[in-house]
There are 2 protein chains.
Amino acid sequence: MVGMSHVEFRTSPAKYRHWRLAVDGPVATLAMDVDEQGGLVPGYELKLNSYDLGVDIELYDAVQRLRFEHPEVKAVVMTSGKDKIFCAGANIRMLAASAHSWKVNFCKFTNETRNGIEDATENSGQVYLAALNGTASGGGYELALACDRILLVDDRSSVVSLPELPLLGVLPGTGGLTRVVDKRHVRRDLADYFSTKSEGIGGKKAVAWKLVDEVVPRVRWQEVVSERARDSASSAPRLPGGEAIELAELDKSRTDDSINYTHVSASLDRDRAVAEITVRGPEADPPASMAGVYGQGAAFWSLAVARELDDLILDLRANETEIGTWVFKTAGDAARVLAHDDLLLANCDSDWLAREIVLYWKRTLKRLDVTSRSLIALIEPGSCFAGSLLELALAADRSYMLFGVFEDIDPDAPPAVITVGPANLGLLPMGNGQTRLATRFFGDADGLAAVEKAAGEALTAEEAEKLGLVTFAPDDIDWDEEVRIAVEERASFSPDALTGLEANYRFAGPETIETKIFGRLTAWQNWIFYRPNASGPDGALRAYGTGKRADFDRKRV
Amino acid sequence: MVGMSHVEFRTSPAKYRHWRLAVDGPVATLAMDVDEQGGLVPGYELKLNSYDLGVDIELYDAVQRLRFEHPEVKAVVMTSGKDKIFCAGANIRMLAASAHSWKVNFCKFTNETRNGIEDATENSGQVYLAALNGTASGGGYELALACDRILLVDDRSSVVSLPELPLLGVLPGTGGLTRVVDKRHVRRDLADYFSTKSEGIGGKKAVAWKLVDEVVPRVRWQEVVSERARDSASSAPRLPGGEAIELAELDKSRTDDSINYTHVSASLDRDRAVAEITVRGPEADPPASMAGVYGQGAAFWSLAVARELDDLILDLRANETEIGTWVFKTAGDAARVLAHDDLLLANCDSDWLAREIVLYWKRTLKRLDVTSRSLIALIEPGSCFAGSLLELALAADRSYMLFGVFEDIDPDAPPAVITVGPANLGLLPMGNGQTRLATRFFGDADGLAAVEKAAGEALTAEEAEKLGLVTFAPDDIDWDEEVRIAVEERASFSPDALTGLEANYRFAGPETIETKIFGRLTAWQNWIFYRPNASGPDGALRAYGTGKRADFDRKRV
C-alpha cells in the first residue's frame, strides 16, 4: 500500500524529475512536465501531468528556491511542459491505493504549498500566474486557483474542471471549493454546476463565470503570457537587497530513534509515542547588519532553524505517524534569539532576505498549527523561549514551565524565564490572520494588553503563569509527575479525537480562506475519503478507470 | 439498530416525558427530568438525565412555545429536576448503537435547538440561564454553554466537564469546542486541559477559567438563581404586543409517498430519490394590522408556513435519508406574499409576535442551509417566489426558471416572475450573519447593488438570469430535459461528496460561531464518529461501560 516507504523532503533543481525551472530576468517559468515513471512509490503511472507527493515535493522546493535563490524574480509563470494538458490533478490510482493517513497528509502538504504560492504573491512580491496551455482538471485547476491570475488557452478543447465529485466521489480538497467562491467569487450556484460537470468549462463561459481571468487564442498565447508576466513583474513590490542566497543541502542525520540537524534535534521514543524536539539558540550574536546576514547565507541562525524545523515537521508527519506527541524544548541564550529577531524586524520592510526569513518562519509555524500531533512545550532552566522561539510554546496545545530549578540537577542554575518580543506581536500571524497571542487571548483584550505591556521583560514562571502565557508552572517536586502524566495520557487517547480537538481549539476567532481550507474543507474531505462510498471496495475512488460503476450507499448523512 | 423507526417531531407540553415547564410571571423554569424508560427507541435507559432525540424534541418544542405561548416570559432558567445531576449529555449506549446517519442527524438537530436558545436570548428578549444544580457533563455542559449565563452549585462535587475525548474517543460535537473558546473565551491551553480531564472542573477554578460565570453555595442556591433570573428578566428587551398565540397541533397527513399540510405538501419519489415540495402562497390578503394577526393566531399564513416547513424539513431529514434531492416549487399570488412580509417588517421592531414570526422564518431557512440534501428550486408560471418565499430559491444549490411558458400546458399563462422584497435584504440572515443575497454575491458588490436596485420589480426569467438571481432559464423546449438531468444526475453522485460540496459552497464569506459549529466542528466530528477508533467493534464508543479498553489505531491522520 502507498505510504509505507520513507519519504525525504530534501531535494534541489538538479534532482527534479517533474519540473523545469527557467529564469529570464524578472520572470521565471515553472513548467510541470511529470515523468510518468517517476512516482514516489511503485504501483501507478503519473499520466497526463498528474501528481503524487514526489511531484509536489519538487514544486515546494522550487517555490522556496525562487524566494531565496532568485531575488530578481518578480513574476512566476506556472505552466505545463506538455501539449494540451496543464495538469490532471492528483493521481487517482495513487489515491485509490493509499492509506487514509497518507491521503490526508498528502493533501495537507499540497495545501501548504499552494498557500505558500499565495504567500509569495501577496508578501514576497513574486506574483504567480497560471498559464494553462491545456486542460487543468481537479488538483490541476486547484493549483491554478492558488495563482494570482489564470490564463487559459482558447482552443475549443482546453477547459478547467473540478471532476472530483462526479468522477471520484470525493471533494476538490486542495482548496478548490473554498477558493472558487471565496477567492474568485464564482457564484455559488454556478460553482455547484461547474463542480458536478466532469467535462469542465472553457472559453468565454469560463471567463464570464470568473473561473479564469482570460482566455487567449493559441496563436497569441506566448505573446499574451509574456505580456501578462511582464506586467505582473513590473508592478510586483519585491524588495531590494543583496545577492541571492544558496539554500545548500541541509546537514541532516537520521537514525531509527533520532533526527539531527545543526540547531535542531529530535529523539523519538516509540514506546511512549513521543518525539522530544530541541531547538538550540544562536551560538553567537547576529551580524551588525544585513550585509553580514548575506555573508552567512543559509547558515544564518534564523534561516537555518526555520529550514531545519520545516524539514523535521514534514519528516515526522510523513514518516512517524504513530508518534502522536511532540514535546518542544529550547536551549541557549534568549538575548541572542531576540537580537536575531531584532535584526530581521529592522530590515524586513526594506530588504528582501530579511522579509523572506520572516515569512519562512511564519509559514513554518503555520505548519505546526495544522499538524495533527499534540504539541507540548517544556520550559526549563537553560531554555531560550523568547521572541521567535516563544512562538513554539504559543503554538503548543499546552506548556509547562518549571517554577524554580531542578534541585537535584543544578540547584544554582538561573530559573527559566520567557520573553515576549516584537516577533510575537504581529510579525508571525497564524492562518487566521491573528498572532498566536491574539488567538490565545481571543475575547480577552485586557489579558492581551497585559502581555503586550510585559514585552521585553524576562518573565519568571510565576509571572508567566499569571499572565496566561504558560499553562502550568509546577515546581521541582511536581514537575516529573505532571509532565509524565500529560505525555502518557496523550498517548492513551483516541488519536482521531485529539486531531479534531486540536484542530478546533487552535483556531479561536476569525476565519480566513486558509483556515476554512484546513478546517471546514479538509475535515469534510477526510470524512468523505474515509467513507465506503469513496474508498470502500465498490467506492468511486476504487471503481474509477475499471469500467465499473461505484456502488453507493444512498443514505444522506 | 437505533434509527430505523419513524420519528415524529410534533409534540406539546401535555405529552412531555422529560421536561417540566413552569412559568412564574416573567421567569420560566425549564426543568430536565428525563424518564429513564422513555427512550425514543428500545435498547437503552436514559440514566442521569442523559438524552436522546426524543428528549431533545421536547426541549425544542418547549423553546418554541415559550416564544409564542408565553410572551410575558423574559428569562428562562434551565435546570434539572433531579438531585446532584444537571445532565450527563447524550446517552452513550444510544450513540454506540446508532447508525452513522442517525448520530449525525441527531447532533444536527440538537445543535439547531441550542442555536435557537441563543437566538431567543439575543433576539427575542428571552434570556436563558443555566442553573446547574448538579454536574453537567458532555452534552449537558454544552447545553449550558448555549445559555447566556452559567451558574454552578458549589458543593465540592458538582462540576462541569467535557469527557467525550478521554472517555468516548469523540468530540464534544454539539458546539462545545467552539463555544468554549469562541463564546466563553476560555484560553485554548486551559480548554485543552479541561477537555482531556474526564473528572471535570468545579468551584472557583471553574469561574477563574471562565467555564462558568458563578458558583453558588447550595444553601444560597435558590435565592441566587431567582435573583439572577429576575435581573435577566428586568433587562431583557422583550417587545410588547398582544396576548399569547397557541401553537395548535399541525394538521399533517403522511402516506408512504406524500406529506401534506395546509400550505405545504411534499410528494416523495423514492425511485428517483427526490421530494417535490410545494409551498402555496396566502389565499387572502393579510390583516390590516397586527391585531388581525393575533386574531388568526397560528393560522396566520406566514407563521403557519414556517411551522409546516420546519416540521417537513425535520421529518424528511430523519425519516427519508435516501431521498437526496429536494425540489422546491411555489404556487400562488406573489403580491400577497409580499404583503404578508410587509406587515411583519413594519411591526417586527415593535411587536413581539411579528418579531417571533420573522425569527422563526430565519431559523427555518437556516435549517435548510445546513440540510444535507441537494436543493433545487423550479420557478414556473403560477409560482410566487417573492420575498420570504424567494429565500427558498436563494437557499437552493441551483434554480431553474422557465423562460416563457409551457406551450402545451397553458400557452396563455403569464410567464413566471420573481420579486426581491425587503425580506431578502436583511431580515433573514444565514448562520454566517449575511443575507442569502450577500452570500450569493460575496465579493461582487456591483452584482449585489444591481439586485438591490431591482427590488420590488417583477423580474422575468431573462432579467433574473441576467441579474444572477437564478442559475438557468431554459425555455419550454429545453426545460424538461434540463431539469430531468439535474435531478437524475444528483441521484447518481456520491451522497457523501454532495454533502461536503454543499456544506462548503453554501457558506461563502465570513464565519461565525454558528458556521464554525456546522462546518469545522461538525465535519471533524462526523469523521471521528465514522472511524473505527470510535465506532469500530473495539472503538471507544462501543467499549464504554464494558470494562474493556478501547483498542486504538495509533496512527495520527
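This structure is a prediction, so every number in the text was calculated from the model and none was measured.

### With respect to the overall build of chain A
So, step 1. From N to C terminus, chain A includes 22 helices and 20 strands.
So, step 2. For 557 residues, the compact-globule estimate of 2.2 N^0.38 gives 24 Å, and the C-alpha radius of gyration of chain A, at 24 Å, lies within 12% of that figure.
So, step 3. As presented, chain A carries roughly 18,900 Å² of accessible surface, and 50% of it is formed by carbon and sulfur atoms.
So, step 4. If the 62 positive side-chain charges of chain A are averaged to one point and the 84 negative ones to another, these points end up 11 Å apart.

### Examining the confidence of the model for chain A
As a general rule, the predicted coordinates of low-pLDDT regions are not to be interpreted in detail.
So, step 1. The pLDDT averaged across chain A works out to 96; a share of 99% of its residues lies at or above 70.
So, step 2. Scoring the predicted complex yields pTM 0.97 and, for the interface, ipTM 0.96.

### A word on the interface of chain B and chain A
So, step 1. Each side of the interface is counted separately: chain B has 90 residues, and chain A has 90 residues.
So, step 2. For the pairing of chain B and chain A, the buried interface totals around 8,800 Å² over both sides, and the portion due to carbon and sulfur atoms is 56%.
So, step 3. Connecting chain B to chain A are 18 salt bridges.
So, step 4. The salt bridge partner of R520 of chain A is E511 of chain B, with a shortest N-O separation of 3.1 Å.
So, step 5. Seen at the junction of chain B and chain A, the total is 60 residue pairs in polar contact (both at pLDDT 80 or more).
So, step 6. No other element matches the 12 residues that helix α20 (residues 513-530) of chain B contributes to the side of chain B that touches chain A.
So, step 7. Broken down by class, the residue content of the side of chain B that touches chain A amounts to 40 nonpolar, 24 polar and 26 charged.

### A closer look at the relation of the copies chain B and chain A
So, step 1. Relative to chain A, chain B is turned by 180 degrees and slid 0.0 Å along the rotation axis, the superposed coordinates differing by an RMSD of 0.0 Å. Read as a symmetry element, the transformation amounts to a two-fold axis.
So, step 2. A share of 100% of the interface residues of chain B reappears at the interface of chain A, consistent with the copies meeting face to face through the same patch.

### A short note on the pairing of strand β9 (residues 149-154) of chain A
So, step 1. Relative to β9 of chain A, strand β7 (residues 127-132) of chain A is paired through four bridges, and the arrangement is parallel. Within β9 of chain A, the residue paired with A130 of chain A across the bridge is I150 of chain A.

### Section: the sheet that holds strand β8 (residues 134-137) of chain B
So, step 1. The sheet built from three strands is open, its strands ordered β5-β8-β10 (chain B) with parallel pairing. The open sheet has two free edges, formed respectively by β5 (84-87) and β10 (160-161) of chain B, since each of these has just one partner strand.

### Section: the packing of aromatic side chains
Residues and elements named next belong to chain B.
So, step 1. If you walk through the whole model with that rule in mind, you get 25 aromatic pairs over all chains.
So, step 2. With centroids separated by 6.0 Å and ring planes inclined at 55 degrees, the aromatic side chains of F68 and Y360 adopt a geometry described as tilted. Here F68 is found in helix α1 (residues 53-69), whereas its partner Y360 is found in helix α13 (residues 352-369), with 292 residues between them in sequence. The burial state of F68 is the same as that of Y360; both residues are buried.
So, step 3. Between the aromatic rings of Y400 and F472, the centroid separation amounts to 5.5 Å while the plane-to-plane angle is 35 degrees, which identifies the pairing as tilted.

### Topic: the packing of helix α20 (residues 513-530) of chain A against helix α19 (residues 495-505) of chain B
So, step 1. Two numbers describe how α20 of chain A lies on α19 of chain B: the axes approach to 9 Å, and their chain directions differ by 175 degrees. Relative to α19 of chain B, the element α20 of chain A is oriented roughly antiparallel. Residues R520, L521, W524, W527 and I528 of chain A of α20 of chain A form the contact with α19 of chain B, whose participating residues are D496, A497, T499, G500, A503 and N504 of chain B.

### A closer look at the pairing of strand β18 (residues 398-401) of chain B
Residues and elements named next belong to chain B.
So, step 1. Where burial is concerned, the two faces of β18 agree: the one with R398 and Y400 and the one with S399 and M401 are both buried.
So, step 2. Summarising the sheet, strand β17 (residues 374-379) and β18 pair through four bridges and their orientation is parallel. Each residue of the ladder has a partner; that of A377, found in β18, is S399.
So, step 3. Crossover handedness for the path β17 to helix α14 (residues 390-395) to β18: right-handed.

### Some points on the pattern of salt bridges
Residue and element names in this part refer to chain A.
So, step 1. Following the criterion strictly, the structure yields 119 salt bridges over all chains and no others.
So, step 2. A salt bridge links R436 to E391, with the nearest nitrogen and oxygen atoms 2.8 Å apart. In this pair, R436 sits in helix α15 (residues 436-440) while E391 sits in helix α14 (residues 390-395), placing the two residues 45 residues apart along the sequence.
So, step 3. In this structure R436 comes out as buried when scored by relative accessible area, which is 1%.
So, step 4. With relative accessibility at 1%, the residue E391 sits in the buried group.
So, step 5. Of the charged contacts in the structure, one is a salt bridge between E481 and R484, with a shortest N-O distance of 3.0 Å.

### Overview of the side chain of R238 of chain A
Residues and elements named next belong to chain A.
So, step 1. Relative to the assigned elements, R238 resides in the loop between α9 (221-235) and β12 (253-254).
So, step 2. Taking the relative accessible area as the measure of exposure, R238 reaches 9% and is therefore buried.
So, step 3. Within the local environment of R238, its side chain forms a polar contact with the backbone oxygen of P71, the two atoms lying 3.0 Å apart.
So, step 4. At 3.0 Å, the side chain of R238 and the backbone oxygen of S124 are in polar contact.
So, step 5. Once residues within four sequence positions are removed from consideration, R238 is found in contact with R67, P71, V73, K74, S124, G125, Q126, W352 and E356.

### Points about the nonpolar core
So, step 1. In terms of nonpolar packing, the biggest core is built from 351 residues, with Y141 of chain A together with Y141 of chain B touching the most fellow members.
So, step 2. Beyond its immediate chain neighbours, meaning those up to four positions away, Y141 of chain B contacts A136, I150, V160, S161, L162, V180, R184, F194 and L211 of chain B.

### Topic: helix α13 (residues 352-369) of chain A
Residue and element names in this part refer to chain A.
So, step 1. With 18 residues, α13 extends 26 Å from end C-alpha to end C-alpha; this agrees with the ideal 26 Å at 1.5 Å per step.
So, step 2. Counting buried residues along α13, 18 of its 18 residues qualify, which places the element largely inside the surrounding structure.
So, step 3. Taking the backbone nitrogen of L353 as reference, a side-chain oxygen 2.8 Å away marks D351 as the first, capping residue of α13.

The rules behind the values
Residue positions within a chain follow its written sequence, with the count starting from 1. As they are written, the chains are lettered A onward and the ligands numbered 1 onward, keeping that order. Thresholds applied to this predicted model are a pLDDT of at least 70 for local features of residues and 80 or more for the giving and counting of side-chain atom pairs; totals over whole chains, interfaces and linings are not thresholded and use all residues. Based on all heavy atoms of the structure, the side-chain values leave hydrogens and waters out of the count. Numbered from the N terminus, helices here are DSSP runs of H or I no shorter than four residues, and strands are runs of E no shorter than two. Atoms considered for the radius of gyration are the C-alpha atoms alone. The globule rule reads 2.2 Å times the number of residues to the power 0.38. For the area figures, the Shrake-Rupley method with a 1.4 Å probe applies, and any residue is considered shielded solely by the protein chains shown. Positive charges come from Lys and Arg, negative ones from Asp and Glu, while His and the chain ends are left out of the count. A charge is said to be at NZ when it belongs to Lys, at CZ for Arg, at CG for Asp and at CD for Glu. How sure the predictor is of each residue is captured by pLDDT, a score from 0 to 100. By definition in these notes, contact holds between two residues if any of their heavy atoms fall within 4.5 Å. Defined in terms of a 1.4 Å probe, buried area is the accessible area two parts forfeit on being brought together, summed over both. Any Lys or Arg side-chain nitrogen located within 4 Å of an Asp or Glu carboxyl oxygen qualifies as a salt bridge. In protein, a polar contact requires one atom able to donate a hydrogen and another able to accept it; more generally it is a pair of N or O atoms within 3.5 Å, and residues adjacent in sequence count only if both atoms are side-chain atoms. Three residue categories are used. Nonpolar comprises Ala, Val, Leu, Ile, Met, Phe, Trp, Tyr, Cys and Pro, charged comprises Asp, Glu, Lys and Arg, and polar comprises the others, including Gly. Least squares is the method for superposing the copies, and the C-alpha atoms it fits come from residues with pLDDT of at least 70 in both. In short, DSSP must find at least two bridges between two strands for them to pair. Aromatic rings from Phe, Tyr and Trp, with only the six-membered ring used for Trp, were paired whenever their centres fell within 6.5 Å, and each pair was classed as stacked if the ring planes differed by under 30 degrees, edge-to-face if by over 60, and tilted otherwise. Buried, partly exposed and exposed residues are distinguished by accessible area as a fraction of the type maximum, computed with a 1.4 Å probe on protein chains only: under 20%, between the cut-offs, and over 50%, respectively. Orientation is described by lines fitted to C-alpha atoms, with helices fitted over the stretch in contact, and by angles between N-to-C directions that extend from 0 to 180 degrees. For this classification, under 35 degrees means roughly parallel, over 145 means roughly antiparallel, 65 to 115 means roughly perpendicular, and everything else is oblique. With the strands aimed away from the viewer, a crossover counts as right-handed if its path from the first strand over the helix to the second runs clockwise. As used here, the term nonpolar core means buried Ala, Val, Leu, Ile, Met, Phe, Trp, Tyr and Cys residues forming a set that is joined through side-chain atoms within 4.5 Å. To estimate the expected span of a helix, count its residues, drop one, and scale the result by 1.5 Å.

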